[in-house]
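Summary of the model geometry
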Number of protein chains: 4
Amino acid sequence: MNVAIIGTGIMGNAHSNAWRNAPRYFAMNQKPVLKVACGRNAAKLRTFANNWGWEETDTDWRRVVIRDDIDIVDITTPTHLHHDIAVAAAQNGKHILCEKPLARTIKEAVAMADVADSAQVVHYLNHNYRRVPAIRLAKEIIANGDLGEPYHWRSAYLQDWASSGAVPLRWQFRKDTAGGGSHFDLNSHSIDLSRYLVGEIDSVMAMMTTFVGERPYPMRRDENPSSNRSLGKVTVDDAALVIAAFDNGALGSFETSRFALGRKNHSTFEIYGSKGSLSYNQDHPNEIRFFNGDDPSHSQGFRTIPATYSGLQRDMNDWWPFGKTVSYGDEFHLAIYDFITAIETGGEIEPNFHDGVKGLEVLVAAVTSASTGREVSIHQDVTSSD
Amino acid sequence: MNVAIIGTGIMGNAHSNAWRNAPRYFAMNQKPVLKVACGRNAAKLRTFANNWGWEETDTDWRRVVIRDDIDIVDITTPTHLHHDIAVAAAQNGKHILCEKPLARTIKEAVAMADVADSAQVVHYLNHNYRRVPAIRLAKEIIANGDLGEPYHWRSAYLQDWASSGAVPLRWQFRKDTAGGGSHFDLNSHSIDLSRYLVGEIDSVMAMMTTFVGERPYPMRRDENPSSNRSLGKVTVDDAALVIAAFDNGALGSFETSRFALGRKNHSTFEIYGSKGSLSYNQDHPNEIRFFNGDDPSHSQGFRTIPATYSGLQRDMNDWWPFGKTVSYGDEFHLAIYDFITAIETGGEIEPNFHDGVKGLEVLVAAVTSASTGREVSIHQDVTSSD
Amino acid sequence: MNVAIIGTGIMGNAHSNAWRNAPRYFAMNQKPVLKVACGRNAAKLRTFANNWGWEETDTDWRRVVIRDDIDIVDITTPTHLHHDIAVAAAQNGKHILCEKPLARTIKEAVAMADVADSAQVVHYLNHNYRRVPAIRLAKEIIANGDLGEPYHWRSAYLQDWASSGAVPLRWQFRKDTAGGGSHFDLNSHSIDLSRYLVGEIDSVMAMMTTFVGERPYPMRRDENPSSNRSLGKVTVDDAALVIAAFDNGALGSFETSRFALGRKNHSTFEIYGSKGSLSYNQDHPNEIRFFNGDDPSHSQGFRTIPATYSGLQRDMNDWWPFGKTVSYGDEFHLAIYDFITAIETGGEIEPNFHDGVKGLEVLVAAVTSASTGREVSIHQDVTSSD
Amino acid sequence: MNVAIIGTGIMGNAHSNAWRNAPRYFAMNQKPVLKVACGRNAAKLRTFANNWGWEETDTDWRRVVIRDDIDIVDITTPTHLHHDIAVAAAQNGKHILCEKPLARTIKEAVAMADVADSAQVVHYLNHNYRRVPAIRLAKEIIANGDLGEPYHWRSAYLQDWASSGAVPLRWQFRKDTAGGGSHFDLNSHSIDLSRYLVGEIDSVMAMMTTFVGERPYPMRRDENPSSNRSLGKVTVDDAALVIAAFDNGALGSFETSRFALGRKNHSTFEIYGSKGSLSYNQDHPNEIRFFNGDDPSHSQGFRTIPATYSGLQRDMNDWWPFGKTVSYGDEFHLAIYDFITAIETGGEIEPNFHDGVKGLEVLVAAVTSASTGREVSIHQDVTSSD
């Protein structure tokens, strides 16, 4: 199983680490081989490849995706490149692991899903939080019926790294490269989790804002750092509030911001149902809180369950000393394992590009609502040409 | 200072307790006299008056509000009676303490504020949470400028008492008596706090739902408890999600439900600003959490401040052993103290009926948004005849 | 039921408040009458009596305890006065409510218990935390057998008010007035709770220390605040660590300090048993955490139970709106109710003076261990003449 | 840098993982080579070596430690083997990384330290928690003087895995193989941290107990699982309580148990000083709580500092996306990095075998105190022949 990775940034590092380690943590018949790493900057690429043990490097992804000896293409680039790489990879019969959000538009996403289906390759969209052990446990509790009918989804994904106006105009602040701001970057995760745990969304209303309208252009390597930097326009949201009705009658809320001082990577959700409730806070990613409405009345309360010790987790999780805390990196290991397993067994993995399409439909509907001031129906008002 | 109380329910008890105790906890020149208690059921009224030491009873509030020896009328009835009692009380020159929400409609609320102003009486609307010591401390921190410019208000007020369909069709489930459901009952508090701590609201979008559409009529005292109870229609929301833009550019969210299993009286808010952040959770009402962006980078974090020990609180709070925990009852004591002080000094107290009007404007705008699927501007789309 | 209170300090205030309010919160046939307040300083005493509604005042407790019209004597003085007042009160047939710790020595405590028994009066020692609703709930859970056999008691009672050397040499810092320092003041509470929840203590080992050996004498009213204050010797501990073996084989730890910066009134305990575990933290006095070893393995975790909403509490607790948070003052209300009920029914109340004797045996044994460096057996090494 | 690892259990896995990954996370000139793995069971050893990429295997550690091509010996065996392996390794000039506790007795530990010093090899004792980023940050805060003079160390290390009597008589329950029970296994960590953060210990008092005195012998591979298992004697403690005086006048407590139901790997400590306080809870290993006595009085409170985002950590920690949560495995990576750096630079690393000797002195003194019922002075009563 020869792997090519495109992109050498933060996600490139996280994925490389996972490709190396997953076969040590899980029983896998097919071991991934770190074949070729791909990035535009040749010097940075060499350092990257040396560090993680990629056998070869190439600065042009178009050459890589057509190589016969490549089985898997792993896309960790900025969002605007996802579509072209994925389509080319699928057309060449490669299995695809793609970072989120899937694309900038529904149209791009639909095209990616269509070509991947036609080519009958395994496609995976890396909403990594579905593989946090605590969230897996939440899924199990819901599947057991312990929450009953869902009434509420309440989520927030808050960060603060953009709250200074001195942060430069990176690709994350531009609609042409990122598709959207905090909404695409962070709400996409929350929306994916709500679909995983509650169900499909029927309609949304939204408000979005941009607190800092202009930012200094990023510095090129050869520039003088002391020079006055000219400013460019931020074309995405800094914060987004979305409320939603689910198909099953539940209500949902999705709040996100890059301007929430003190919140580094703070993702929380609460689910309330007719029989019980659940909450998760990524600041403490090893636990969920579960309220069981069937407990005796004198001892009802939210239980803090250390997920890595639960019986359900034990079966899944013998890749690491039972009960030891997991970290940011670990859900990537599990993703690689599930992805390779899907290839081996000819099966599927979720979330995949179809989930990416559905996520984009909600994201785009919310953008439309924010700009028109109207409730937008996913099923009626959103089309695949958006 | 002779007081007449109208209403003998939960709030009647809480207020009676506060009228009795406040002069023991605070230095007050004018001591309230518990003169007359008023309720429809004569037997229940007698028990109530005996327990708290009300000197007299009357089953007709219309007789009470015209008595020359009454200085203060305290309204703790269901919402639909607020308007008539308050107007009559004001017209007779009584100072008025009124439970929340102020009224069922903006029109009622405006009339109440107008007549109270004309009569030059002191009027107070009991959004009691403004007087939780921890929230007072939050106000001080904001007034000090420690949060900078506000970016976000995020609140939830969640309960679970209505989640069983067996809960009868009390006045709280009927629009004609309550004005609204969880939205009027609980969001009204969150909206009031957001106005206190962040600023005025410019526009809203909202979704609301009713999970249980019909409920058994309440039993009359002479009825057979085993009889099959006929069902009546719930005419208010069980849950409401509101997102908002503030005049100052901040975004806000207000979520409320009576169907959040495990949440008894769970009110939380978070405020994020350009210099710092704050959060409050009513499950732990004696503390706030404060993030100071000016702390050294290696020791930045949310501080859990036990509010009853803070220096600011100390000045306000010498009515109780320094630092001992406060409870649900205590903000009522402080309200009585502030109310009596306003009467003594010819001053004002907040929140008053004008705050009630502004709160109702937001509540009504949200109801309109939920029914029309459109963003509603408070300043342009809401009129005093709503 | 005419009450005389001796002492007008913080506890005098807390008790007065409870005597006034308890009959409003609970159904009591006999209503306490606030008959006479007693304190040495006449001016302070008048203010105190006026505030709380004590009918009369007297500056000499010896006159008060022999009055025929007094039924109950409430002792809130510094510890060294407890013995003489209680003995005189009992000899005159008065029921006695006494603040903790009961006395300075076992000998004093035994004498108090003996005379109270002989006089057949009701005697109560105010370890108020036994009446926190959350701790009542803990007791119920243990009585249900939900923890199984006890293995561990782990407690701390930490404060920080003495950590500045400028705090004057109050009576709390002198062995002749207080009997001991943090150990007598705070560990006495933890030891009482451990006896209530786990069982009797067999032997102890202890270490104690005094961080600030000399403190300025308190200022008299007529002194010049700017004068240099002379220093006196602190003769009690500032902090104490005690480890213990219970009769039933459990191990226990008791830690206390007045030098724990940031801890205001921080009392915590954990109990681990063969079937479950419990923990309590007084910073959040309305909840306990309960681990049930019988929960399904995939959903085991500590439940945060809001005690004031539990079914068990409901029965006990209809004196206040169901589920509203309680505060420091509320356990005093319950104490008054239980005390009056014991008098009415000719019954007993716990903890009483015999509990005070047993508590002192442990306190004294720990002092002996700290000074000798040896394990001390309560049953063998401690005598009633200590 | 050729590495030999002895032991293929949980720690063997954790170390192997770290040897593989550390050079990817940190800039290291010398890359460790996973040369030979050593274990008694040949089949298990082969699986282990294959999984982690150890080049060779050997079932006899005595052959391995004399190989010329081995630079580093990593000891992850049960405790009773540490001495012989370490002495042989040192005598052959190998650098040594050894799991904790260092040995069963002071005598063994002293011998190990002496021979390692004589051989001038780098020796490291893997008290891994010193390398948790949050604890590193605690050390920095203390080194900055932000806590002032230390008054209190309060720690607990609680687990529950032994609370069932069905758990077999593994080597951890036998004094001849483990040296001690929870006291050696878990208190050794707490004692090491207290020495790192507070200072040296002067004297101790202790109580220990064994709740389950006999356990079934472990099953051999060829045994019938349904046979009745005979019982053997547990010769170590299940729980230990230690109180201590530090050289600098602070008091300390160390509590540990394998019978604390609901506590999986629950290690906590609190430090109180004259200027501030700190606390840590391993359930949330990415944060510490810091109370700064110099904060303004109205906003004093414990700050929850997410350690992986702090400025101090940033410098140390660029091996992983800034601020992402760390897990159980990560402190091992850092240990390998520091160990290799010490070898490269001819420097030292802490904790080393001398720290192991000091830790054992405290452990042994506590055992003596528990058996004699007397306070034991580390400096006077403990000798290197113990």
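To start, this report covers the structure provided alongside it. Keep in mind that this is a model prediction, so the values were computed, not measured.

**With respect to the overall build of chain A**
Looking only at helices and strands, one finds 12 helices and 17 strands in chain A. Taken against the 2.2 N^0.38 rule, which gives 21 Å for 386 residues, the C-alpha radius of gyration of chain A at 21 Å falls within 12% of a compact globule. Taking the principal axes of its C-alpha atoms as reference, chain A extends roughly 65 × 50 × 45 Å. Going through the 386 residues of chain A one by one, you find that 64% of them count as buried. For chain A, the proportion of contacts with a sequence separation of at least 24, taken over those separated by at least 6, is 70%. When the accessible surface of chain A is summed, it comes to about 13600 Å², and 46% of that surface belongs to carbon and sulfur atoms. A distance of 7 Å separates the average location of the 38 positive side-chain charges in chain A from that of its 47 negative side-chain charges.

**Quick word on the relation of the copies chain B and chain A**
Once turned by 180° and shifted 0.0 Å along the axis, chain B lies on chain A with an RMSD of 0.0 Å. What the rotation and shift describe, once combined, is the action of a two-fold rotation axis. Rotation axis and chain B: the residue whose C-alpha lies nearest the axis is B:Arg374, separated from it by 2.3 Å. A high fraction, 100%, of the interface residues of chain B reappear at the interface in chain A, so the copies pair face to face through one surface.

**Some points on the interface of chain B and chain A**
Each side of the interface is counted separately: chain B has 46 residues, and chain A has 46 residues. With both sides pooled, the region where chain B packs onto chain A buries about 3700 Å², and carbon together with sulfur makes up 64% of that total. When the buried area of chain B at its contact with chain A is split by residue, B:Arg154, B:Met207 and B:Leu261 rank highest and sum to 20% of it. On the surface where chain B and chain A come into contact, there are 4 salt bridges. Measuring nitrogen to oxygen at the nearest pair gives 3.4 Å for the salt bridge that ties A:Glu255 to B:Arg154. At the junction of chain B with chain A, the criterion picks out 12 residue pairs in polar contact (both at pLDDT 80 or more). Among the secondary structure elements, those contributing two or more residues to the side of chain B that touches chain A are β7 (150-158), β8 (201-209), β11 (239-246), β12 (251-257), β13 (266-273) and β14 (276-281) of chain B. When the residues that make up the side of chain B that touches chain A are grouped by side-chain class, the tally is 22 nonpolar, 17 polar and 7 charged.

**Let's talk about the pairing of strand β16 (residues 302-306) of chain A**
Of all 5 residues making up β16(A), 4 are buried, and the element is well covered by its neighbours. Looking at chain direction, strand β15 (residues 287-292) of chain A and β16(A) are connected through 4 bridges and run antiparallel. Its bridge partner being in β16(A), A:Arg289 is matched across the sheet by A:Thr304. As paired strands, β16(A) and strand β16 (residues 302-306) of chain C are joined by 3 bridges and run antiparallel to one another. When the bridges of β16(C) are listed, A:Thr304 appears paired with C:Phe302.

**Looking at the packing of aromatic side chains**
The tally for this structure, following the rule as stated, stands at 52 aromatic pairs over all chains. Seen from their ring centres, B:Phe26 and B:Tyr337 are 4.4 Å apart, and the 10° between their planes marks the pair as stacked. Separated by 311 residues along the polypeptide, B:Phe26 in the loop between α1 (10-25) and β2 (33-38) and B:Tyr337 in helix α10 (residues 330-345) bring together distant segments of the chain. Exposure remark for B:Tyr337: the relative accessible area of 26% places this residue in the partly exposed category. Feature note: the residues A:Trp153, A:Phe254, A:Phe269 and A:Tyr280 constitute an aromatic cluster, connected by ring pairs. Positioned above the aromatic ring of A:Tyr196, the side-chain terminus of A:Lys139 is 4.6 Å from the ring centre.

**Focus on the sheet that holds strand β6 (residues 123-125) of chain A**
Hydrogen bonding along the main chain pairs the strands of a sheet, whether they run parallel or antiparallel. Residue and element names in this part refer to chain A. Sheet architecture is open: 6 strands sit in the order β3-β2-β1-β4-β5-β6, paired in parallel fashion. The sheet terminates laterally at β3 (56-58) and β6, the two strands that pair on one side only. Neighbouring strand axes in the sheet, compared pairwise and without regard to direction, differ in orientation by 20° on average. Taken strand by strand, helix α10 (residues 330-345) contacts β4 (72-75), β5 (95-98) and β6, and its axis lies near 160° from that of β5.

**Describing the side chain of B:His152**
By secondary structure assignment, the location of B:His152 is in strand β7. With a relative accessible area of 1%, B:His152 lands in the buried category. Not counting residues within four places of it along the chain, the set of residues in contact with B:His152 comprises A:Phe211, A:Ala239, A:Glu255, A:Ser257, A:Phe259, B:Ala250, B:Leu251, B:Glu270, B:Ile271 and B:Tyr272.

**Re the sheet that holds strand β1 (residues 2-6) of chain C**
Residues and elements named next belong to chain C. On the basis of which strands lie adjacent, the open sheet formed by 6 strands has the order β3-β2-β1-β4-β5-β6 and parallel pairing. Edge positions in the open sheet fall to β3 (56-58) and β6 (123-125), since each of these has one partner strand only. With direction set aside, neighbouring strand axes in the sheet form an average angle of 20°. The pairing of strand β2 (residues 33-38) with β3 spans 3 bridges and is parallel. Note that in β3 the partner of Cys-38 across the bridge is Asp-58. Set on the sheet, helix α1 (residues 10-25) makes contact with β1, β2, β4 (72-75) and β5 (95-98); between it and β1 the angle comes to about 170°. Together, β1, β2 and β3 form the strand contacts of helix α2 (residues 42-52), whose direction differs from that of β2 by roughly 170°.

**Here's the deal with the packing of helix α1 (residues 10-25) of chain D against helix α10 (residues 330-345) of chain D**
All names here are of chain D. The N-to-C vectors of α1 and α10 enclose an angle of 65°; their axes lie 8 Å apart at closest approach. Relative to α10, the crossing made by α1 is right-handed. Of the residues in α10, those in contact with Met-11, Ala-14, His-15, Asn-17, Ala-18, Trp-19, Asn-21, Ala-22 and Tyr-25 of α1 are Phe-332, His-333, Ile-336, Phe-339 and Ile-340. Residues of the contact of α1 with α10, tallied by class, amount to 10 nonpolar, 4 polar and no charged.

**Some remarks on the packing of α1(B) against α1(C)**
Interaxial distance between α1(B) and α1(C) falls to 12 Å at its minimum, and their mutual angle equals 180°. On the basis of the axis angle, α1(B) is roughly antiparallel to α1(C). Side by side, α1(B) and α1(C) meet where B:Asn17, B:Arg20, B:Asn21, B:Arg24 and B:Tyr25 of the first sit next to C:Asn17, C:Arg20, C:Asn21, C:Arg24 and C:Tyr25 of the second. By residue class, the composition of the contact of α1(B) with α1(C) is 2 nonpolar, 4 polar and 4 charged.

**As for the pairing of strand β13 (residues 266-273) of chain A**
Residues and elements named next belong to chain A. Along β13, 8 of the 8 residues are buried, which leaves the element largely enclosed by surrounding structure. Both faces of β13 are covered, namely the face carrying His-266, Thr-268, Glu-270 and Tyr-272 and the face carrying Ser-267, Phe-269, Ile-271 and Gly-273. Pairing between strand β7 (residues 150-158) and β13: 8 bridges, direction antiparallel. Along β13, the bridge assignment pairs Ala-156 with Thr-268. Here β13 pairs with strand β14 (residues 276-281) via 5 bridges, running antiparallel. Residue pairing for β14: Ile-271 is matched across the bridge by Leu-278.

Conventions we followed
Residues numbered from 1 in each chain as written. Chains lettered and ligands numbered in written order. Predicted model: local features only at pLDDT ≥ 70, side-chain atom pairs only at ≥ 80, totals over all residues. Heavy atoms only, no water. Helix = DSSP H or I, 4+ residues; strand = E, 2+ residues; numbered from the N terminus. Rg over C-alpha atoms; globule rule 2.2 N^0.38 Å. Buried < 20%, exposed > 50% of the residue type's maximum accessible area, 1.4 Å probe, protein only. Contact = heavy atoms within 4.5 Å. Areas by Shrake-Rupley, 256 points an atom, 1.4 Å probe, with all protein chains shown as cover. Lys, Arg positive; Asp, Glu negative; His and termini not counted. Charge placed at Lys NZ, Arg CZ, Asp CG, Glu CD. Least-squares fit on C-alpha atoms with pLDDT ≥ 70 in both. Buried area = accessible area lost by both parts, 1.4 Å probe. Salt bridge = Lys/Arg side-chain N within 4 Å of Asp/Glu carboxyl O. Polar contact = N/O pair within 3.5 Å; in protein donor to acceptor, adjacent residues only side chain to side chain. Nonpolar A, V, L, I, M, F, W, Y, C, P; charged D, E, K, R; others polar. Pairing = 2+ DSSP bridges. Phe/Tyr/Trp six-rings, centres within 6.5 Å; stacked < 30°, edge-to-face > 60°. Lys NZ or Arg CZ within 6 Å of the ring centre and 35° of its normal. Axes fitted to C-alpha atoms, helices over the stretch in contact; angles between N-to-C directions. Left-handed = near helix turned anticlockwise from the far one by under 90°. Parallel < 35°, antiparallel > 145°, perpendicular 65-115°, else oblique.

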